[in-house]
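Residues per chain are reported as follows:
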Amino acid sequence: MDIASRAAHPEAGVAVRILTSLSVVASIFAAVACASPGTPPGGPADTQAPQLVRVAPDSGRTNVRPREVVFEFDEVVNERPAGATSLNALFLISPRNGDIEADWHRGSVSVRPGRGFKANTTYTISMLPGMSDLRGNTRNTGASTVFSTGSSLASSRLGGALFNWTEARVIPRGLIEARPIADTATVYVTTADSAGKFLFRNIPPATYRVRGISDDNTNRGLDPREPYDTVIVTLADSARVQLLAFVHDSTGSRLSSVSVRDSVTLELLFDNPLSTSHTVTPNSIRVRGSDSTDVAIVTATAPPVDTTSGVTIVRLPRPAPIRSLIVKLARPLRQKITYRVRVTDVENLLGVARTSEREVTLPPPPVVPVPAKPVAKPPDPTKK
């Protein structure tokens, strides 16, 4: 419609504008309908973790010398997986030969040792649980492949369990290293499962120094204050070891606090577990008051096992060490007297002896509130 016609028939222009507005509204409703809940474009939502399709080279092969090992999946995987700090952290190469290098190729990941694969060696390449896709679906299982760069596969097996000795519990996902005594440059590595169990399936017969590390920061190494244990085992066909990890502290066990259980009972708490082979006797403990009088010690024993904490205590191959002592006195402590408790030559789990002391005062007896006397009500003058 031209300008002259619109001027002659203004109601026609209004109709055109209404039709145009209705067309825009219809387009908006159509777009919203397409985006409404229902079956999304491309099919149902993906809630499955990435499935492993193939690993190359195939497990069990010999006389192969690959540049890298490729893990192929049925979908694009995340370059920064949800279940690990980095892509490298999801893989283990055993024996170790430099840092692991992992490359992302959308639907596959290739891994290799930083210094390459050595000749005449059986390798186990493991992918740990934690690989995820772009939607965050994460695998809770791992996978591995075994091959040899020589003419045969090693077949000896070395298994066991890793415990936190002082806490009487298993260590899940701990790092296990097996170093042949005759070849200190070779280090076989694996990790414990959620129950603390581990297994080297394909390593050669040898005498090994086996070390289990709690690896709390998952950096594949031993750091200060991380519990660990080391044992020597001679492996022929198969063997099992129990690793009792603890913090190796060369400063000894220090008396950190003394608390009063009652007037004749003290509890001594140490900052390190005590030796399981060197018993603390009453002769090693002295309690002297600020009035220069000594209080004789009757017994010094381990505290009773706490069954109310709710923590599952596992059965260990050796008794768990203690960190505290219950001391019974020959006579009650006196009020308003400060006592100095001294413990001499107490050994820790490494056999390091240390002498330390702390002060303690008998707390005052609790104040019993005196009930208030009832207040007599004045007589009511209206009543006779």
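In this text the structure is predicted, and so the values were computed from the model without any measurement. As a convention, each chain's residues are numbered from 1 in the sequence order in which they are written. Predicted model: local features are reported for residues with pLDDT of at least 70 only, side-chain atom pairs are reported and counted for 80 or more only, and whole-chain, interface and lining totals are derived from all residues. Excluded from the side-chain calculation are hydrogens and water; included are all heavy atoms of the structure.

Attention shifts here to the overall build of the protein. Under the DSSP-based scheme used, a helix requires at least four consecutive residues in state H or I and a strand at least two consecutive residues in state E, with every element numbered from the N terminus. Within the protein one finds two helices and 23 strands. Burial classes: relative accessible area under 20% of the type maximum marks a residue as buried, over 50% as exposed, and values in between as partly exposed (1.4 Å probe, protein chains only). Within the protein, buried positions represent 36% of all 384 residues. Taking the intrachain contacts of the protein between residues at least 6 apart in sequence as the baseline, contacts between residues at least 24 apart amount to 64%. Within the structure as shown, the protein displays about 22,300 Å² of accessible surface, and the carbon and sulfur contribution to it stands at 54%. Residues count as neighbours in contact if any of their non-hydrogen atoms are within 4.5 Å of one another. All accessible areas in this document rest on Shrake-Rupley with a 1.4 Å probe, and a residue is counted as covered only by the protein chains that are shown.

Generally speaking, a soluble globular protein has its nonpolar side chains buried in company with each other. Here the nonpolar core consists of buried residues drawn from Ala, Val, Leu, Ile, Met, Phe, Trp, Tyr and Cys, with membership extended through side-chain atoms lying within 4.5 Å. Core analysis: the largest hydrophobic core is formed by 23 residues, its most contacted members being Leu266, Leu268, Ile285 and Val341. Going through the elements one at a time, β16 (255–262), β17 (265–270), β18 (285–289), β20 (297–301), β21 (324–329) and β22 (338–347) are the ones with two or more residues in this core. Residue contributions to this core peak at four residues, all from β22. Setting aside residues up to four positions removed in sequence, Ile285 forms contacts with Leu268, Val280, Ile297, Ala300, Val327, Val341, Arg342 and Val343.

Now for the pattern of salt bridges. Whenever Lys or Arg places a side-chain nitrogen within 4 Å of a carboxyl oxygen from Asp or Glu, that contact is recorded as a salt bridge. The final tally for this structure, using the stated rule, is 18 salt bridges. A salt bridge links Arg96 to Glu177; the nearest nitrogen and oxygen atoms lie 3.5 Å apart. Highlighted residues: Arg96 in the loop between β3 (91–94) and β4 (100–104) and Glu177 in strand β10 (residues 175–180), separated in sequence by 81 residues. A salt bridge links Asp249 to Arg225; the shortest N-O distance between them is 2.9 Å. Of this pair, Asp249 sits in the loop between β15 (238–245) and β16 while Arg225 sits in the loop between β13 (206–213) and β14 (228–235), and the two are 24 residues apart along the sequence. The exposure class of Arg225 is exposed, given its relative accessible area of 53%. One connected set of salt bridges, linked through shared partners, spans Arg67, Glu68, Glu101, Asp103 and Arg112.

To continue, consider the side chain of Ser110. Tracing the backbone shows Ser110 in strand β5 (residues 108–113). Think of a polar contact as two N or O atoms within 3.5 Å of one another; within protein, one of them needs to be a possible hydrogen donor and the other a possible acceptor, and neighboring residues in sequence only count if both atoms come from side chains. Looking at Ser110, its side chain comes within polar contact range of the side chain of Glu68, at 3.4 Å. Not counting residues within four places of it along the chain, the set of residues in contact with Ser110 comprises Glu68, Val69, Val70, Glu101, Ala102, Asp103 and His105.

Our focus in this paragraph is the pairing of β18. Alternating positions in β18 separate cleanly, Ile285, Val287 and Gly289 being buried on one face and Arg286 and Arg288 remaining unburied on the opposite face. The pairing of β18 with β22 spans five bridges and is antiparallel. Within the sheet, the bridge partner assigned to Arg286 lies in β22 and is Arg342. Here β18 runs beside strand β19 (residues 294–295); their pairing, made up of two bridges, is antiparallel. Note that in β19 the partner of Val287 across the bridge is Val295. Linking two consecutive strands that pair antiparallel, namely β18 and β19, is a turn of four residues; a positive phi of about 70° is found at Ser292 within it. Following DSSP output, two strands are said to pair if at least two bridges run between them.

Before going further, it helps to spend a moment on unusual backbone geometry. Peptide bonds are trans in most cases, and residues, glycine excluded, mostly fall at negative phi. Going from Ala56 to Pro57, the amide bond is cis rather than trans, its omega being 5°. For Pro57, the position within the fold is in the loop between β1 (52–56) and β2 (69–73). Residues Ser94 and Pro95 are joined by a peptide bond in cis, for which omega reads 5°. Note on placement: Pro95 falls in the loop between β3 and β4. Even without being glycine, Arg220 reaches a positive phi, approximately 60°.

Okay, the sheet that holds strand β7 (residues 143–148) next. Judged by pairing direction, the sheet is antiparallel, and its three strands sit side by side in the order β3-β6-β7 without closing on themselves. Since the sheet does not close on itself, it has two edges, and those belong to β3 and β7, each with one partner. Neighbour-to-neighbour, the strand axes of this sheet turn through a mean angle of 10°, independent of strand direction. The sheet contact formed by strand β6 (residues 122–127) and β7 spans six bridges and is antiparallel. Bridge pairing links Thr124 to Val146 in β7. All axes here are fitted lines through C-alpha atoms, helices being fitted over the stretch that makes contact, and every angle between N-to-C directions spans 0 to 180 degrees.

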